[in-house]
Amino acid sequence: MPQNPSNQSAEPVIEMIDATVAAHQNDEPPVLENIRWTICRGDFWVVGGLPNSGKSDLLATSVGLSRLISGSLRLFGCETSDLEGDALSDYRRRIGLVFGDGGRIFEYLTVLENIALPWC
């Protein structure tokens, strides 16, 4: 999909390179493979597909809520594979997602983690 021409020189906010995404942090089987996706500041994306096709898994992984099976995820130019805890939370706080139907509970997070997510 073409990007906004004004953002062609912008540094990527989210970049997935040869990424393989799991369903709800289960490694087998992967739900999406060979993803190459770059999102720059000011870009707006809509992710659509059939039920259970991996949309929410892609979005959760793209912001560091779930880990990749393989490949690379960079948030604001920083490779996330070695980030954990507060270091990863610092990047998550800078990105916003809007899920349909008024919100989203992540099944693989505890109740406390779901409630704390906006503040992480």
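Higher on the page you've got the structure.
Analysis parameters
Residues numbered from 1 in each chain as written. Predicted model: local features only at pLDDT ≥ 70, side-chain atom pairs only at ≥ 80, totals over all residues. Heavy atoms only, no water. Phe/Tyr/Trp six-rings, centres within 6.5 Å; stacked < 30°, edge-to-face > 60°. Buried < 20%, exposed > 50% of the residue type's maximum accessible area, 1.4 Å probe, protein only. Lys NZ or Arg CZ within 6 Å of the ring centre and 35° of its normal. Pairing = 2+ DSSP bridges. Helix = DSSP H or I, 4+ residues; strand = E, 2+ residues; numbered from the N terminus. Contact = heavy atoms within 4.5 Å. Axes fitted to C-alpha atoms, helices over the stretch in contact; angles between N-to-C directions. Core = buried A, V, L, I, M, F, W, Y, C linked by side-chain atoms within 4.5 Å. Salt bridge = Lys/Arg side-chain N within 4 Å of Asp/Glu carboxyl O.

S.K.: Got a sec to walk through the packing of aromatic side chains? Specific residues and values, please.
M.R.: Tallied over the full model, the rule gives 2 aromatic pairs. Seen from their ring centres, tryptophan 37 and tryptophan 45 are 5.5 Å apart, and the 80° between their planes marks the pair as edge-to-face. By relative accessible area, which is 9% here, tryptophan 37 ends up buried. The ring of phenylalanine 76 carries the charged tip of arginine 94 above its face, separated from the ring centre by 3.7 Å.

S.K.: So what about the sheet that holds strand β3 (residues 70–75)? Which residues, and what values?
M.R.: Sheet strands pair via backbone hydrogen bonds, and the direction of the pair is either parallel or antiparallel. Reading across the sheet, the 4 strands line up as β2-β1-β3-β4 and stay open at both edges, with antiparallel pairing between neighbours. Where the open sheet ends on each side, the last strands, each with one partner, are β2 (32–40) and β4 (78–79). In the packing of helix α1 (residues 55–62) onto the sheet, contacts are made with β1 (12–21), β2 and β3, and the angle to β1 comes to roughly 125°.

S.K.: Any details on α1? Residues and values, ideally.
M.R.: Along an α-helix, residues three or four positions apart point the same way, because every turn accommodates 3.6 residues. Burial of α1 is extensive: 6 of the 8 residues sit out of reach of the surface. In the core, the buried residues of α1 are packed alongside β1, β2 and β3. Where α1 terminates, the next one or two residues include glycine 64, which has phi positive at roughly 85°.

S.K.: Summarise the nonpolar core; cite the residues concerned and give the values.
M.R.: Among soluble globular proteins, nonpolar side chains are generally buried collectively. Grouped together as the largest cluster of nonpolar side chains are 19 residues, with contacts concentrated most on Ile14, Met16, Ile35, Trp37, Leu58, Leu75 and Ile95. Elements that contribute at least two residues to this core include exactly β1, β2, α1 and β3. The element contributing the most residues to this core is β1, with 5 residues. Here tryptophan 37 is in contact with Ile14, Glu15, Met16, Trp45, Val47, Leu58, Leu59 and Ser62, once residues within four sequence places are set aside.

S.K.: Report on the pattern of salt bridges, specifying residues and quantitative values.
M.R.: If you walk through the whole model with that rule in mind, you get 3 salt bridges. Notably, a salt bridge pairs arginine 74 with glutamate 15, separated by 3.6 Å at the nearest N-O pair. On the criterion of sequence distance, the pair formed by arginine 74 in strand β3 and glutamate 15 in strand β1 is long-range, its members being 59 residues apart. Via salt bridges that share partners, Glu15, Arg74 and Glu79 belong to a single interconnected network.

Taken by themselves, the reported measurements are silent on function.
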